[in-house]
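Spelled out, the chains give:
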Amino acid sequence: MVAEFIRYKLFGPRLYKEYGTQKLYEANTLERWGDQILSTLNVCWSISMYASPIILMFAYRRQYFTNEGLPVIAKLGTGVAAIVFISFLLRGFGRSTNETYQKFAKIFQKASSSGGNEEALRAMRKYDFDFSDFPVDFTAGPCEVSKKEQTTRNSTVSAPCRILAYLAIHTFGIKLIYPGSIRAVQNLVLAPMLLQGRSKLVEEEEATRYKLKTCDNNEIDSIFVDNRAKHVNGKTLVLCSEGNAGFYEFGIMSTPLALKYSVLGWNHPGFCGSTGTPYPSQDKNAVNAVMEFALKKLNFDVKDIILNGWSIGAFSTLTLATKYDVKACILDATFDDILPLAIPRMPEFFSSVVRIAIREYVNLHNSELIKQYKGPVLLVRRTEDEIIATEEGDLSSNRGNNLLIALLKFRFPTLFEAEQQQKHALNILSKHLDNSSLTAANERLCEQLFQSYFERRDRSYPVYIGESLEEEDKNQLVLYLIKKHLVDFKSTHCTPLPTEYFRPDTLFDISKYK
């Protein structure tokens, strides 16, 4: 009895809602007080971690690390421990007198001790509660041993700069790149929106929430909407990777869901229920676990999966695209390289440190990854994007242009490495694509040229088409290929993508040529 009280009442998960009801779970006074104190202490701890250099400096100057100062620290620690202990007791006794929580505790206890019994797990999934107490649904295979990422090192940079770069990226730097991982913001600002978004997915879309364990032991919060039995599009799975402040609860899943695809969403390490920190290595392991789950547990074929990445989520998407021959990649509001976006947003005197920090620890170089994917690609360019453009209001400075050129130069070197065609391509990309018309006759001509080319050659990249064509015909091919790989959406960075821009079946695909 005492053990049950400690496990399922004192340290049991925080309950938020029972799905299917219109109201949130109502804690009684004792539980509410205990939770409030524990939440406040948790926020204070998070803030202190970000401000740790300042706090340590202050403590050192006040001589708290001396023999005279240690008793002060000990008293502070003892006081905090006593407050935590009392808070847990208040919460435990409060839950013991709450009928709703007692009902949930019994279901949770049965699910936890059932060894994966589906009926018990289904009953448990009718509740929204702390994801940290959720049982693991899928464990990914071992981590791949791969070559170290290529980085740009400058031997002339001083050792202090390297030390500063390491400290910066491992304290506040990663939080600036992925602000969605700041726990204080999640708990104080976003918590109601996250709960509302999850409830909508579960109650309206019949979504199922899963916990996935990565090869580096992070736990990834994911959710799956299965439309295979409801619509023809449901046979295709769209795997969605969110941006640096995006969550599946209110992110890009809405667009493929509106088109009745089956959709799998997940949160980056450190986001909402996911543990860890979104360093590239952890993010790669996380998205690899999500893909393994889709193939092995959800039983989708790799050819029936579309990878959809928004903003910084394109890095996660392209990580998978380098390994899996999926149906298509749709990359929305993204960039070729994070460094040109990071440097202008930091003080000029700090640029050397930023360069080292990015290249050595967060080298999100999408233009290198995209060359390794051989399937259809669609880039959605936001024409009023204030995040991806390095100069506000200048469409030619949108870093999505650079990503597209990198892709097309690799796939069609004859057309896009020549200086004349490169200038023509940059001129097209400097304005809205609607201003560059491609007649139906010219489009048919371009398709005939590709058909003729692949009749005599293998369907593989790079494609050396255009060597013997006139300049005007080459220019038409350049425009044709740009329009087949890029679509313009008149919007800012965070506007939800309308369904008409999600069109994987209209992309350039060399596998369709006979």
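This structure is a prediction, so every number in the text was calculated from the model and none was measured. (Residues numbered from 1 in each chain as written. Predicted model: local features only at pLDDT ≥ 70, side-chain atom pairs only at ≥ 80, totals over all residues. Heavy atoms only, no water.)

**Describing the side chain of glutamate 242**
Argument step 1. Inspection of the secondary structure assignment puts glutamate 242 in the loop between strand 6 (237–241) and helix 9 (254–258).
Argument step 2. For glutamate 242, which is buried and forms no salt bridge, the nearest opposite charge comes from arginine 382, at a distance of 9.6 Å.
Argument step 3. Polar side-chain contacts of glutamate 242 include one of 3.1 Å to the backbone nitrogen of isoleucine 252.
Argument step 4. With residues near it in sequence (within four places) discarded, glutamate 242 still touches Phe247, Tyr248, Gly251, Ile252, Met253, Trp266, His268, Trp310, Ile312 and Gly313. (Helix = DSSP H or I, 4+ residues; strand = E, 2+ residues; numbered from the N terminus. Buried < 20%, exposed > 50% of the residue type's maximum accessible area, 1.4 Å probe, protein only. Lys, Arg positive; Asp, Glu negative; His and termini not counted. Salt bridge = Lys/Arg side-chain N within 4 Å of Asp/Glu carboxyl O. Polar contact = N/O pair within 3.5 Å; in protein donor to acceptor, adjacent residues only side chain to side chain. Contact = heavy atoms within 4.5 Å.)

**Observations concerning the packing of aromatic side chains**
Argument step 1. Tallied over the entire structure, the rule returns 29 aromatic pairs.
Argument step 2. Ring-pair connections join several aromatic residues into one group, and the members of that group are Tyr25, Tyr101, Phe104, Phe108, Tyr127, Phe129, Phe131 and Phe134.
Argument step 3. The aromatic ring of phenylalanine 131 is capped on one face by lysine 211, whose charged end is 5.3 Å from the ring centroid. (Phe/Tyr/Trp six-rings, centres within 6.5 Å; stacked < 30°, edge-to-face > 60°. Lys NZ or Arg CZ within 6 Å of the ring centre and 35° of its normal.)

**So, the confidence of the model for the protein chain**
Argument step 1. Of all residues in the protein chain, 97% have pLDDT values of 70 or greater, and the mean over the chain is 91.
Argument step 2. Per-residue pLDDT stays below 50 along residues 148–152; that stretch engages in nine contacts with residues further than four places along the chain or on separate chains. (pLDDT = per-residue confidence, 0-100.)

**Observations concerning the pattern of salt bridges**
Argument step 1. Per the stated rule, a full pass over the model turns up 23 salt bridges.
Argument step 2. For lysine 103, the salt bridge goes to glutamate 18, with nearest N and O atoms at 3.8 Å. Here glutamate 18 lies in strand 1 (residues 15–18) and lysine 103 lies in helix 5 (residues 99–112), a separation of 85 residues in the sequence.
Argument step 3. In this structure, glutamate 249 engages arginine 198 in a salt bridge whose closest nitrogen and oxygen atoms are separated by 3.1 Å. Here glutamate 249, found in the loop between strand 6 and helix 9, pairs with arginine 198, found in helix 8 (residues 183–205); they are 51 residues apart in sequence, far enough to count as distant.

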